[in-house]
Amino acid sequence: MEKSLVVITGASSGFGAEIAKIFNQAGFPLLLLGRRVEKIKALPLNFDKVMIEAVDVTDYSAFEASIKQAEAVYGPTDLLVNNAGVMLLGNVLTQSPTEWQTMLNTNVMGVLNGMQIVLPSMTERKHGTIINMSSLAGKKTFTNHAAYVASKFGVHGLSETVREEVSGSNVRVSLVAPGAAETELLTHVTDQKSLTDYGVWKDSMGGITLDPVHVAETVKFIYDMPQAVNIREIDIAATAQDA
């Protein structure tokens, strides 16, 4: 049986790259979106049924055009993984409002954009799944994470709202909330004290946080459930993570 199109944003590294690998190995046609296409092209994938586009999820028209282009080849999107995200740690007393806006644009607007692009077809077909990548920072607070926490609480809230709205159309909206993980999120942090504090916290967990592979396995587990079953939320973290 022909497998349906899977769209993954932020596919160049971290969770997105691992999610791409696991669905590629399972034979799904993929649309992989990211700002660094050279990193996506370097992933160990079978590129037979893979489209790659340099798309910033905050650019609605480019995001929509790339999805329509992939759907023209592979059919309608059956799974959208809204994974693209930015984490810029900093204290609200000193952090640049530009960094707040960057996080809100990518982490909230980018997710809303993707949902609005694919949902009309999903609700019409009465089939489809959206999995939004949030964070434990979407349900609890962390020092030096104020704006990031605000953005991820937003993802939690909008996901549950839309889930309610489309449940009657047999469409699933689910949420994965990872704890600290071995991704590149920290590489863009400009606040040195926040980075130092994070490093001390990470050391308290033995220096190793969550392997993104297990987050990808979680996404696949949610999707593999029958369409009539929606795992609404999974929180996943390293066992040693205290917060």
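Remember, predicted model here, so these are calculated numbers, not experimental data. (Residues numbered from 1 in each chain as written. Predicted model: local features only at pLDDT ≥ 70, side-chain atom pairs only at ≥ 80, totals over all residues. Heavy atoms only, no water.)

Further remarks concern the overall build of the chain. Regarding its fold elements, the chain presents 7 helices and 7 strands. Put simply, the chain runs from its N terminus to its C terminus through helices and strands in the order β-α-β-α-β-α-β-α-β-α-β-α-α-β. Here the C-alpha radius of gyration of the chain, 17 Å, is about what a compact globule of 243 residues would show, namely 18 Å. If you line up the chain on its principal axes, its C-alpha atoms span 50 × 40 × 35 Å. A total of 243 residues make up the chain; the buried ones form 53% of that total. Long-range contacts, defined as pairs at least 24 residues apart, comprise 69% of the intrachain contacts of the chain with a sequence gap of at least 6. Total accessible area computed for the chain in this model is approximately 10800 Å², and 55% of it derives from carbon and sulfur atoms. Put simply, the chain has 19 plus and 26 minus side-chain charges, and the middle of one group is 3 Å from the middle of the other. (Helix = DSSP H or I, 4+ residues; strand = E, 2+ residues; numbered from the N terminus. Rg over C-alpha atoms; globule rule 2.2 N^0.38 Å. Buried < 20%, exposed > 50% of the residue type's maximum accessible area, 1.4 Å probe, protein only. Contact = heavy atoms within 4.5 Å. Areas by Shrake-Rupley, 256 points an atom, 1.4 Å probe, with all protein chains shown as cover. Lys, Arg positive; Asp, Glu negative; His and termini not counted. Charge placed at Lys NZ, Arg CZ, Asp CG, Glu CD.)

With that settled, the discussion passes to the packing of helix H4 (residues 97–125) against helix H5 (residues 146–166). Contact geometry for H4 and H5: axes closest at 9 Å, N-to-C directions at 15 degrees. Judged on the interaxial angle alone, H5 and H4 are roughly parallel. For the pair H4 and H5, the crossing hand works out as right-handed. Contacts between H4 and H5 pair Trp100, Met103, Leu104, Asn107, Val108, Val111, Leu112, Met115, Leu119 and Thr123 from the former with Ala147, Tyr148, Ser151, Lys152, Val155, Leu158, Val162 and Val166 from the latter. (Axes fitted to C-alpha atoms, helices over the stretch in contact; angles between N-to-C directions. Parallel < 35°, antiparallel > 145°, perpendicular 65-115°, else oblique. Left-handed = near helix turned anticlockwise from the far one by under 90°.)

Our next topic: the pattern of salt bridges. For the coordinates displayed, the defined rule picks out 7 salt bridges. Two residues, glutamate 2 and lysine 49, come together in a salt bridge whose shortest N-O distance is 3.2 Å. Here glutamate 2, found in the segment before strand S1 (5–9), pairs with lysine 49, found in the loop between helix H2 (37–41) and strand S3 (50–54); they are 47 residues apart in sequence, far enough to count as distant. Between glutamate 233 and lysine 139 there is a salt bridge, and its shortest N-O distance comes to 3.8 Å. Placement of the pair is glutamate 233 in strand S7 (residues 233–236) and lysine 139 in the loop between strand S5 (129–133) and H5, with a sequence separation of 94 residues. Glutamate 233 sits in the partly exposed class, given a relative accessible area of 34%. Through salt bridges that share partners, Lys139, Glu233 and Asp235 make up one connected network. (Salt bridge = Lys/Arg side-chain N within 4 Å of Asp/Glu carboxyl O.)

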